[in-house]
Amino acid sequence: MEAAERHQGGGCMAMPTLPSASISRCAHGGAAAAAAASTNSDEATCGSPRWIGKSLSCVCIKRKGTYERICMNLTPLQEERLQRLKHRMRVYFDASRQDHQGALRALWHATYPDQELHGLVSDQWKEMGWQGRDPSTDFRGAGFISLENLLFFAKTFSTSFQRLLKKQGGQRATWEYPFAVAGVNITFMIMQMLDLQSKDEWAFDLLYCVAFVVMDKQWLEKNASYMEFNDVLRSTRAQLERELLLDDVMRIEDMPSYGLLC
């Protein structure tokens, strides 16, 4: 499966565990917005990487036909966590690195604790939903962080992870989405959706888990099949963005879909 289609811009959230940050919401008008609206779809968002590294983090989301800009003044701790997250996003998976090999083995043992792994290149990986015998070839779209996300999901919400892995619940399609490759696509989607503006590594990893269960719920509701995966991913992104814009959502745990995790 190809990596999810690239989209611009995003959405952002503030975590209460961090020092307080001032938040302002303002209309985003002018020629730039008009140009964006004329060239992009209704899903389109705006937000520029030029904000990265400055004290002001700002993204825009198209909402009800207009653009809304959400701006935050980052604290030093938020800046540090943002830089750490950006670094994680730049790390490619390297099959020659011992720590990357170890993370793959850890994912296998977290997924199949009672099954011995025969090797990092093995037909066993296909059981998890990788495209071939060597899972490292599937990380090109999102890098090492996509493996970290899967491992985080497996360890933090093991019940939800196993339910989605085993395709339990609901009326399933004859041709289902491959679990592991879907996870890589979800990482890629969130990277594009947040436009690197998430201010907390925990928030990114947690949103990944929420996105995965939302995607599977949408999959079932739409009676989707393999060829419709990208459509489901787009509707998943739209739902996440709607929830992140709710006035009472100030952290990932406040999102209505967070309750899907167990």
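This structure is a prediction, so every number in the text was calculated from the model and none was measured. (Residues numbered from 1 in each chain as written. Predicted model: local features only at pLDDT ≥ 70, side-chain atom pairs only at ≥ 80, totals over all residues. Heavy atoms only, no water.)

**With respect to the overall build of the protein**
- Within the protein, the regular secondary structure consists of 8 helices and 4 strands.
- Its helices and strands taken in sequence order, the protein reads β-α-β-β-β-α-α-α-α-α-α-α from the N to the C terminus.
- Considering only intrachain contacts with a sequence separation of at least 6, the fraction spanning at least 24 residues in the protein is 69%.
- A total accessible area of about 12,100 Å² is found for the protein, and carbon and sulfur atoms account for 51% of it. (Helix = DSSP H or I, 4+ residues; strand = E, 2+ residues; numbered from the N terminus. Contact = heavy atoms within 4.5 Å. Areas by Shrake-Rupley, 256 points an atom, 1.4 Å probe, with all protein chains shown as cover.)

**Focus on the pattern of salt bridges**
- Evaluated as defined, the whole model comprises 12 salt bridges.
- The partner of D123 in a salt bridge is R133, and the shortest N-O contact between them spans 3.2 Å. With a gap of 10 residues between them, D123 in the loop between α3 (98–111) and α4 (144–156) and R133 in the loop between α3 and α4 connect regions that are remote in the sequence.
- Given the relative accessible area of 41%, R133 is considered partly exposed.
- Here D216 makes a salt bridge to R172, at a shortest N to O gap of 2.9 Å. (Salt bridge = Lys/Arg side-chain N within 4 Å of Asp/Glu carboxyl O. Buried < 20%, exposed > 50% of the residue type's maximum accessible area, 1.4 Å probe, protein only.)

**Structural notes on the confidence of the model for the protein**
- With 69% of its residues at a pLDDT of 70 or more, the protein shows a mean pLDDT of 75.
- Scored below 50 in pLDDT, residues 1–70 shows 175 contacts in the model against residues more than four places distant or in partner chains. (pLDDT = per-residue confidence, 0-100.)

**Observations regarding helix α7 (residues 201–221)**
- Between the first and last C-alpha of α7 there are 30 Å, a value that for 21 residues agrees with the 30 Å anticipated at 1.5 Å per step.
- The element α7 is largely enclosed, with a buried count of 17 among its 21 residues. (Expected span 1.5 Å × (residues − 1).)

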